[in-house]
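Each chain is listed here by its residues.
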Amino acid sequence: METEKNMEDILRLKNYADQSSVPIMMDEGMDFILDYIKSKDVKFILEIGTAIGYSSIRFAQIDPNIRVYTIEYDIIRYHEAVKNISRFNLGEQITVFLGDALKFNFTEKFDLIFIDGAKSQYINFFEKYKENLAPDGVFISDNLSFHGMVEDINITKNYSTIKLIRKIRRYIDFLKANKEFDTTFYSIGDGVAISKRAEIK
Ligand code: SAH
Ligand code: MG
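Being a predicted model, the structure only gives us computed values, none of them experimental.

Q: Even after reading the chapter, I still don't get the overall build of the protein chain, so can you show me in this structure?
A: Helix and strand counts for the protein chain come out as six helices and seven strands. Going from the N terminus to the C terminus, the protein chain shows its helices and strands as α-α-β-α-β-α-β-β-α-β-α-β-β. The globule rule puts the C-alpha radius of gyration for 201 residues at 17 Å, and the 16 Å found for the protein chain is close to it. Over its C-alpha atoms, taken along the principal directions, the protein chain stretches across nearly 45 × 45 × 30 Å. Every one of the 201 residues in the protein chain was classed for burial, and the buried ones make up 51%.

Here's what the structure looks like:
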């Protein structure tokens, strides 16, 4: 999929996101997840937070056998995602669900659940969807650094941002204290974590 035409189309999607302030994954974090998907032979992915379909398109393009379920509750973004996915001819691989990720009930088991929705809901997403992880499945959570503000909250004076940062810190503490899952934190992109089921000792 590294054709010149495809790279141009991807770049166009990234530029559009940039201009419309759609917070898509940063390149470094994206490369990290793509490498993970390739090295662990991930085939079935659930994504919480589609936005305009950029990340699900990148995931699906790795391999035609990869299937992606992705959830978006903003109707405008949902329609943009559906349009973009069909432009990339990935409609067979990617299914976009419209609605609140906290209200769906899937019975499927996923190799990877990518948490990239509302930062205030990360603990709820985690608790709800852990039942949908395959035995070797993992959660990958994005934006745990939130532009460096999680490490240094003084960067912002905006009250709603401060509240959000506190929620992200709470999620990080939740992951660190979680006995069921082992989490590794990576300070790449906007801060990424991988959580896998703890081995029974
Ligand atoms: N994964 C995308 C970026 C997602 S941005 C990419 O990297 O390309 C986060 C998106 O999650 C936003 O579009 C927002 O509308 C959506 N979202 C936030 N909370 C949600 C929820 N509870 N259910 C469904 N979508 C949600
Ligand atoms: Mg993100």
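Q: Got a minute to help me understand a nonpolar patch on the surface in this structure?
A: Taken together, the side chains of I75, I76 and L98 define a hydrophobic patch exposed on the protein surface, amounting to about 290 Å² of accessible area. Within the secondary structure, L98 is located in strand β3 (residues 94-98). By relative accessible area, which is 39% here, L98 ends up partly exposed.

Q: When you look at unusual backbone geometry in this model, what are you seeing that I'm missing?
A: Glycine aside, negative phi is the norm for most residues, and most peptide bonds take the trans geometry. Residues other than glycine seldom take positive phi values, yet A51 does so here, at roughly 55 degrees. Looking at the element boundaries, A51 is found in the loop between β1 (44-48) and α3 (54-60). Take A51: its relative accessible area is 12%, and that puts it in the buried class. Positive phi, normally seen in glycine, also occurs at H147, with a value near 55 degrees. Within the secondary structure, H147 sits in the loop between β5 (133-142) and α6 (159-177).

Q: What am I meant to see in the site of ligand 1 here?
A: Residues in close proximity to ligand 1 total 21 residues, the closest being M25, G49, E72, R77 and D116. Within the side chain of R77, a nitrogen or oxygen atom sits 2.8 Å from an oxygen atom of ligand 1. Within the backbone of A118, a nitrogen or oxygen atom sits 3.0 Å from a nitrogen atom of ligand 1. Every element with two or more residues in the shell around ligand 1 is listed here: α3 and β2 (67-72). Class assignment for the residues of the shell around ligand 1 results in 10 nonpolar, five polar and six charged.

Q: Would you mind showing me how to read the side chain of K119 here?
A: Relative to the helices and strands, K119 is located in the loop between β4 (110-115) and α5 (122-129). A polar contact of 2.9 Å, which involves the side chain of K119, links it to the backbone oxygen of G117.

Reading guide: rules and limits
- Residues numbered from 1 in each chain as written.
- Chains lettered and ligands numbered in written order.
- Predicted model: local features only at pLDDT ≥ 70, side-chain atom pairs only at ≥ 80, totals over all residues.
- Heavy atoms only, no water.
- Helix = DSSP H or I, 4+ residues; strand = E, 2+ residues; numbered from the N terminus.
- Rg over C-alpha atoms; globule rule 2.2 N^0.38 Å.
- Buried < 20%, exposed > 50% of the residue type's maximum accessible area, 1.4 Å probe, protein only.
- Patch = residues over 30% accessible without salt bridge, like charges linked within 9 Å, V, L, I, M, F, W, Y side chains within 5 Å.
- Areas by Shrake-Rupley, 256 points an atom, 1.4 Å probe, with all protein chains shown as cover.
- Salt bridge = Lys/Arg side-chain N within 4 Å of Asp/Glu carboxyl O.
- Near = heavy atom within 4 Å.
- Polar contact = N/O pair within 3.5 Å; in protein donor to acceptor, adjacent residues only side chain to side chain.
- Nonpolar A, V, L, I, M, F, W, Y, C, P; charged D, E, K, R; others polar.

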